[in-house]
Amino acid sequence: MTRNPATLLLARHGQTVWHAENRYAGVSDIALTDEGRRQARQLGDWAPRNGVDAIWTSTVGRAIETAQPACEALGLVPRREHELRECDFGEVEGRTLAEFAAEQPERAREYRADPVAHPFPGAEDPRAAAARGTAALRRIADGHPGQRVLVVAHNTLLRLVLCELLSIPLGSYRRVFPQLRNAAVSEARIGEAGGALLSLNVPCAPDAPGVSP
């Protein structure tokens, strides 16, 4: 690890209309539900208790909206990084995996077995998404040595990045990290040789324990 690495507090955005129905939301800019806005407020309450020094988000509206309460609570201006956007899910954008499987059962079976070797038709290459997301987090970490940085991004992108940082085969991301919960926080550090995962899916509810600085 570097001498004074940044601590990255990785959060998935709050629940959206599509996620409430298990629909894939990648490049589509889908609004938060009332529950998603409540989750964002909980993240906003959590941030001041956990020593957040800076906030970054993807350029997608649901991530920006999720980070807003934390920015207001801390008096911070969020910085945005386009390379932290969610993966493009191609033909399955806005649909459920069950709907896709009903139409293309063999393609769905291949996806479930290895979503990187067999992505959805027309989808972004997951390897390229992992590379861009990892590079973005490295840039953010390099710019905030010794600080605690809240990064609000997306479920699939962050799972791919965690696999890349932890030297886990990318094709295993759905098994190793079944889900990053909405507005929960996972704590990571990045060093020259890779990454370290210090916590996963820590809830931000008022009675939840904080992540120790």
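Residues numbered from 1 in each chain as written. Predicted model: local features only at pLDDT ≥ 70, side-chain atom pairs only at ≥ 80, totals over all residues. Heavy atoms only, no water.

Student: Go over the overall build of the chain with me, naming the residues and quoting the values.
Tutor: In terms of helices and strands, the chain carries seven helices and six strands. When the elements of the chain are put in sequence order from the N terminus, they spell out β-α-β-α-β-α-α-α-β-α-α-β-β. At 17 Å, the chain has a C-alpha radius of gyration in line with the 17 Å of a compact globule built from 213 residues. Reported as C-alpha extents along the three principal axes, the dimensions of the chain are approximately 50 × 40 × 30 Å. For the chain, the exposed surface amounts to about 9,400 Å²; the carbon and sulfur share of it is 48%. With 25 positive and 26 negative side-chain charges, the chain shows a separation of 3 Å between the mean positions of the two kinds. (Helix = DSSP H or I, 4+ residues; strand = E, 2+ residues; numbered from the N terminus. Rg over C-alpha atoms; globule rule 2.2 N^0.38 Å. Areas by Shrake-Rupley, 256 points an atom, 1.4 Å probe, with all protein chains shown as cover. Lys, Arg positive; Asp, Glu negative; His and termini not counted. Charge placed at Lys NZ, Arg CZ, Asp CG, Glu CD.)

Student: If you had to explain the layout of surface pockets to someone new, which residues and values would you point to?
Tutor: Empty space within the largest pocket amounts to approximately 420 Å³. Taken together, 19 residues line the largest pocket, and the ones lying closest to its centre are Arg12, Asn22, Tyr24, Asn155 and Arg159. Contributing elements (two or more residues each) for the lining of the largest pocket: helix H6 (155-165) and helix H7 (173-176). Here the lining of the largest pocket takes three residues from H6, the largest share from any one element. (1 Å grid on protein atoms, 1.4 Å probe; cavity = no way out; pocket = protein on both sides within 12 Å on 5 of 7 lines; lining within 4 Å. Points joined across faces, edges and corners; volume = space filled by probe spheres on them.)

Student: Outline the nonpolar core, supporting the account with residue identities and numerical values.
Tutor: In summary, soluble globular proteins display a tendency toward joint burial of nonpolar side chains. Counting 39 residues, the largest nonpolar core has Leu8, Leu10, Leu84, Phe120, Leu137, Val151 and Leu160 as its most contacted members. Among the elements of the structure, strand S1 (7-12), strand S2 (54-57), helix H3 (97-103), helix H4 (105-113), helix H5 (126-143), strand S4 (148-153), H6 and strand S5 (185-191) are those that each provide at least two residues to this core. Here this core gets seven residues from one element, more than from any other, and that element is H6. With residues near it in sequence (within four places) discarded, Leu8 still touches Leu137, Ile140, Ala141, Val149, Val151, Ser186, Glu187, Ala188 and Ile190. Among the nonpolar cores identified, the runner-up in size contains 15 residues, and Leu9, Ala63, Leu150 and Cys204 belong to it. (Core = buried A, V, L, I, M, F, W, Y, C linked by side-chain atoms within 4.5 Å. Buried < 20%, exposed > 50% of the residue type's maximum accessible area, 1.4 Å probe, protein only. Contact = heavy atoms within 4.5 Å.)

Student: So what about the pairing of S5? Which residues, and what values?
Tutor: Buried residues dominate S5, accounting for six of its seven residues. Relative to S5, S1 is paired through five bridges, and the arrangement is antiparallel. The partner of Ala11 across the bridge, within S5, is Val185. The loop that links S5 with its antiparallel partner strand S6 (residues 194-202) comprises two residues. (Pairing = 2+ DSSP bridges.)

Student: Give a detailed account of the confidence of the model for the chain, specifying residues and quantitative values.
Tutor: Residues of the chain with pLDDT of at least 70 account for 96%, and the chain-wide mean is 94. Note that residues 209-213 has pLDDT below 50 and, in this model, 14 contacts with residues that lie over four places away or in other chains. (pLDDT = per-residue confidence, 0-100.)

Student: Help me get a handle on empty space enclosed by the protein, residues and values and all.
Tutor: In this approach a probe as big as a water molecule rolls over the atoms, and the regions it shows empty are the leftover space. Scanning the entire structure with this criterion turns up one cavity of 30 Å³ or more. Reported here for the largest cavity is a volume of approximately 90 Å³. For the largest cavity, the lining is made up of 13 residues, of which Phe89, Pro119, Glu124, Pro126 and Tyr173 are closest to its centre. Looking at side-chain class alone, the lining of the largest cavity contains ten nonpolar, one polar and two charged residues. (Nonpolar A, V, L, I, M, F, W, Y, C, P; charged D, E, K, R; others polar.)

Student: Can you break down the pairing of S6 residue by residue, with the values?
Tutor: In the sheet, S5 pairs with S6 via six bridges, with the strands oriented antiparallel. Across the sheet, residue Val185 finds its bridge partner in S6, namely Val202.

Student: Account for the packing of helix H1 (residues 34-49) against helix H2 (residues 61-74), with residues named and values stated.
Tutor: The interhelical angle for the contact between H1 and H2, taken along N-to-C directions, is 35 degrees, at an axis separation of 7 Å. For the pair H1 and H2, the sense of crossing is right-handed. Of the residues in H2, those touching H1 at Arg37, Ala40, Arg41, Leu43, Gly44, Ala47 and Pro48 are Glu65, Thr66, Pro69, Ala70, Ala73 and Leu74. When the residues that make up the contact of H1 with H2 are grouped by side-chain class, the tally is eight nonpolar, two polar and three charged. (Axes fitted to C-alpha atoms, helices over the stretch in contact; angles between N-to-C directions. Left-handed = near helix turned anticlockwise from the far one by under 90°.)

Student: Got a sec to walk through H1? Specific residues and values, please.
Tutor: With 16 residues, H1 should cover 22 Å at 1.5 Å per step; its first-to-last C-alpha distance of 24 Å lies within 8% of that length. Among the structural elements, S1, H2, S4 and S5 are those in contact with the buried residues of H1. (Expected span 1.5 Å × (residues − 1).)

Student: Provide a residue-level description of the side chain of Thr96, including the pertinent values.
Tutor: Within the element layout of this structure, Thr96 appears in the loop between strand S3 (79-80) and H3. If we ignore the near neighbours within four places in the chain, the residues touching Thr96 are Glu21, Asn22 and Arg23.

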